[in-house]
Each structure stands twice: as structure tokens, then as C-alpha cells.
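Okay, here's what each chain looks like letter by letter:
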Amino acid sequence: MVPAETRRLILREMVPGDRAAILAVFADDYARRFYPEMTSEDAAIEWIGRNRDRYRQDGFGLWAIIDKASGALVGDCGPTWQDAGGVRILEIGYHVAPAWRGLGIALEAARAAMAYGFAARDEMEIGSIVATDNTASASVARRLHRDMRSYVNSRGLDRFLFFTRREDHDGAA
């Protein structure tokens with residue numbers, strides 16, 4: 001099953017054999033600042049397993065981003081249920097390997113994932129949660145979403161919630 005496809009990308013379910021490529025997505029200091037746990041093959045296996053559980057439970061999760069031209073797994077992206085300051089939201093998350101950043105891949109994949117989320121669910125709002133100091137992710141979220149609000153998460157950390165209301169979504173992936 002192909003959850004989503006764009007001009008350059010295929011979003012597909014992760015499989016256990018993706019562990020090395022998923023770990024490589026978080027291989028640089030910038031990514032590890034926000035995901036410090038992603039330093040071992042075991043962490044990548046757990047990440048993939050958690051998303052495979054989401055596919056079974058919710059019908060979606062973070063999907064592997066595949067570059068059509070090369071066939072390379074270049075990141076992950078997709079909708080997941082998250083807590084945003086005590087409110088359960090459908091969140092579009094995205095992570096791109098260091099060598100593939102700056103090419104518009106995160107935004108392209110996130111637009112497809114958001115279109116999927118609005119088509120598959122009756123949610124009135126879909127968002128993306130971003131650490132306030134994650135400038136790269138915030139740049140993508142500003143282009144993906146229409147609005148933003150701040151909140152403090154359950155660990156006491158400041159976060160931005162970028163979001164788009166259903167009536168403001170144009171449906172373009």
C-alpha cells in the first residue's frame with residue numbers, strides 16, 4: 001500500500017529493514033539535539049516498531065520517505081496522534097536525512113501527509129509540533145500551515161503548534 005505519493009517522493013510504511021536508513025536520518029548533531037535517543041540500532045528498531053504499531057492501530061503513522069529517482073530512504077513523515085498542551089491532535093511530523101535537507105523534501109512530504117490526514121479523518125484541525133529553537137522544522141511548518149500558537153508541553157518545554165483548519169486547507173499536495 002502506498003499511503004501517499006508526490007512528484008518526487010513515495011511515502012510508504014516503514015519495515016524492519018529500514019533501520020540503518022532511519023538511524024541515518026538522525027545522524028547529525030542538529031537532529032540529535034531534538035532526538036537525543038536516536039543513537040543506536042535498537043532505537044531505530046523501536047522507532048520503526050512504534051510506527052508499525054500505529055499503522056495497525058490507527059491506519060497511519062510516520063512513513064518512510066523514498067526518493068523516486070534514487071530509491072533512497074531519505075526521511076520519514078506522516079500523521080500521528082500527539083498531545084499538544086493537553087489537547088489530542090493529529091500531527092504531521094517530518095524528519096529528513098542531513099544530505100537531503102534544504103531540497104524541499106520535508107515540505108513536499110508534509111503536504112501529502114496533511115492532505116491524506118484531512119481526507120482520511122474528520123479532524124477539524126491538523127498541526128505540527130515544533131521545539132521553539134528548531135528553526136529548520138519551524139521554517140517548514142510556517143510554509144505548511146496557516147496559523148501558530150505556543151504552549152508548554154507535559155515536560156514543561158515551550159513548543160509551537162503550527163496548524164491548519166479544515167476550512168483553510170486547499171487540498172493541494
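Up top is the structure.
Keep in mind that this is a model prediction, so the values were computed, not measured.

Turning next to the pattern of salt bridges. In the structure shown here, the tally under the stated rule is 10 salt bridges. R56 is the salt-bridge partner of D53, the closest N and O atoms lying 2.4 Å from each other. Of this pair, D53 and R56 both sit in helix α3 (residues 41–58), three residues apart, which is roughly one turn of the helix. Accessibility expressed as a relative area gives 42% for D53, which makes it partly exposed. Measuring nitrogen to oxygen at the nearest pair gives 2.9 Å for the salt bridge that ties E125 to R149. Of the two residues, E125 is situated in strand β6 (residues 125–131) and R149 in strand β7 (residues 147–152); the sequence distance between them amounts to 24 residues. Here E125 falls in the partly exposed class, since its relative accessible area comes to 23%.

A separate point is the sheet that holds strand β1 (residues 4–5). Across the sheet, which stays open at both edges, the eight strands sit in the order β1-β2-β3-β4-β5-β6-β8-β7 with mixed pairing between neighbours. A single partner strand is all that each edge strand has here, and the edge strands are β1 and β7. Here strand β5 (residues 88–96) pairs with β6 via two bridges, running parallel. Directly across from L90, in β6, lies its bridge partner I126. On top of the sheet, α3 reaches β2 (9–12), β3 (63–67), β4 (73–83) and β5; it is set at about 55 degrees to β4, its chief contact. On the sheet, helix α5 (residues 135–144) packs against β5, β6 and β8 (158–165) and is oriented at approximately 160 degrees with respect to β6.

Scoring rules and cut-offs
Residues numbered from 1 in each chain as written. Predicted model: local features only at pLDDT ≥ 70, side-chain atom pairs only at ≥ 80, totals over all residues. Heavy atoms only, no water. Salt bridge = Lys/Arg side-chain N within 4 Å of Asp/Glu carboxyl O. Helix = DSSP H or I, 4+ residues; strand = E, 2+ residues; numbered from the N terminus. Buried < 20%, exposed > 50% of the residue type's maximum accessible area, 1.4 Å probe, protein only. Pairing = 2+ DSSP bridges. Contact = heavy atoms within 4.5 Å. Axes fitted to C-alpha atoms, helices over the stretch in contact; angles between N-to-C directions.

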